[in-house]
Amino acid sequence: MTQEPGSGPAPLHWKLVVDCADPQAQADFWAAALHYEVEDNNALIERLLHLGALPSEATVEFHGRLAFRDLVAVRHPDDPYDEDSGTGLGRRLLFQRVPEAKTVKNRLHLDVHAADGQREAEVERLEKLGASVLRWVREPGGEWATMTDPEGNEFCVQ
């Protein structure tokens, strides 16, 4: 099945998420290794703290500014970013703290971002391509489907 150039759906936006024990150390390593920049979320964190939407225990001081304790991202320095939140809008790696060491679960996975209101349709499309749904997650921080590709590698659809 071939499509005319430009006639198909737009490519999906994604970020690579790496599970780890020390997000700040991982972010420093990969930012240096890739010549990326560690994202500065200080302004966003200060707003969330002021609103009472984030407990202070969820933050740490990192490079002289506030950072999320359990999440740190690095981004390509030439890519755009949201100036209000410090969040990159292009090529990114997000390091998230997990309690367990690598055993069976992937230490890294892709997060695929479906268009607004299209998560279920995107999951269905991916299932037709050979993916399977492991579980649907609904938490205060968001909703997503955790899936596996045809070889069992985990990824999420948000």
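Everything below is about the structure printed above this text.
Residues numbered from 1 in each chain as written. Predicted model: local features only at pLDDT ≥ 70, side-chain atom pairs only at ≥ 80, totals over all residues. Heavy atoms only, no water.

## Quick notes on the overall build of the chain
Consideration 1: When helices and strands are tallied, the chain shows three helices and ten strands.
Consideration 2: Starting at the N terminus and walking to the C terminus, you meet the elements of the chain as β-α-β-α-β-β-β-β-β-α-β-β-β.
Consideration 3: Structurally, the chain occupies a C-alpha span of about 55 × 35 × 35 Å along its principal axes.
Consideration 4: Here the chain, with 158 residues, has 35% of them falling under the buried criterion.
Consideration 5: The long-range share in the chain, meaning contacts at least 24 apart out of those at least 6 apart in sequence, stands at 57%.
Consideration 6: When the accessible surface of the chain is summed, it comes to about 10000 Å², and 53% of that surface belongs to carbon and sulfur atoms.
Consideration 7: Computing the positive centroid from 16 side-chain charges and the negative centroid from 28, the chain places the two 3 Å apart. (Helix = DSSP H or I, 4+ residues; strand = E, 2+ residues; numbered from the N terminus. Buried < 20%, exposed > 50% of the residue type's maximum accessible area, 1.4 Å probe, protein only. Contact = heavy atoms within 4.5 Å. Areas by Shrake-Rupley, 256 points an atom, 1.4 Å probe, with all protein chains shown as cover. Lys, Arg positive; Asp, Glu negative; His and termini not counted. Charge placed at Lys NZ, Arg CZ, Asp CG, Glu CD.)

## Looking at helix H3 (residues 119-128)
Consideration 1: Those residues of H3 not exposed but buried are Arg119, Glu122, Val123 and Leu126. Down the axis of H3, the sector holding all buried residues measures 100°, keeping them to one side.
Consideration 2: For H3, the elements touching its buried residues are strand S8 (132-139), strand S9 (142-148) and strand S10 (154-157).
Consideration 3: Positive backbone phi, approximately 120°, marks Gly130, located one or two places after H3. (Arc of directions from axis to C-beta.)

## Observations regarding a nonpolar patch on the surface
Consideration 1: The grouping of Phe29, Trp30 and Leu34 at the surface amounts to a nonpolar patch, some 280 Å² of accessible area in total.
Consideration 2: Structurally, Trp30 is set in helix H1 (residues 23-34).
Consideration 3: Under the relative-accessibility criterion, Trp30 is labelled partly exposed at 33%. (Patch = residues over 30% accessible without salt bridge, like charges linked within 9 Å, V, L, I, M, F, W, Y side chains within 5 Å. Salt bridge = Lys/Arg side-chain N within 4 Å of Asp/Glu carboxyl O.)

## Observations concerning the nonpolar core
Consideration 1: Within the largest apolar cluster, twelve residues are counted, these being Val18, Cys20, Ala27, Ala31, Tyr36, Val38, Phe62, Ala67, Val72, Val74, Leu93 and Phe95.
Consideration 2: In this structure Ala31 touches Tyr36, Val38 and Val74, once residues within four positions along its chain are discounted.
Consideration 3: Ranked by size, the runner-up nonpolar core spans nine residues in total, among them Val112, Ala145, Met147 and Val157. (Core = buried A, V, L, I, M, F, W, Y, C linked by side-chain atoms within 4.5 Å.)

## Some details on the environment of Ala145
Consideration 1: Along the polypeptide, Ala145 turns up in strand S9.
Consideration 2: Taking relative accessible area as the criterion, Ala145 reaches 0% and is therefore assigned buried.
Consideration 3: Sequence separation between Ala145 and Leu134 is eleven residues; the distance between their C-alpha atoms is 7.6 Å.
Consideration 4: Look past the residues within four positions of Ala145 in its chain and what remains in contact with it is Arg119, Val123, Arg135, Trp136, Phe155, Cys156 and Val157.

## So, the packing of aromatic side chains
Consideration 1: In this structure the tally under the stated criterion is zero aromatic pairs.
Consideration 2: We note Arg75 situated over the ring of Tyr81; from NZ or CZ to the ring centre the distance is 3.9 Å. (Phe/Tyr/Trp six-rings, centres within 6.5 Å; stacked < 30°, edge-to-face > 60°. Lys NZ or Arg CZ within 6 Å of the ring centre and 35° of its normal.)

## Focus on the pattern of salt bridges
Consideration 1: With the rule as written, the count across this model stands at eleven salt bridges.
Consideration 2: Salt-bridge contacts for Arg138 lead to Glu143; the nearest nitrogen and oxygen are separated by 3.6 Å.
Consideration 3: Through salt bridges with shared partners, a single network forms among Arg69, Asp70 and Arg97.

## What to know about unusual backbone geometry
Consideration 1: Not every positive phi belongs to a glycine, and His63 is a case in point at roughly 55°.
Consideration 2: Inspection of the secondary structure puts His63 in the loop between strand S3 (59-62) and strand S4 (65-68).

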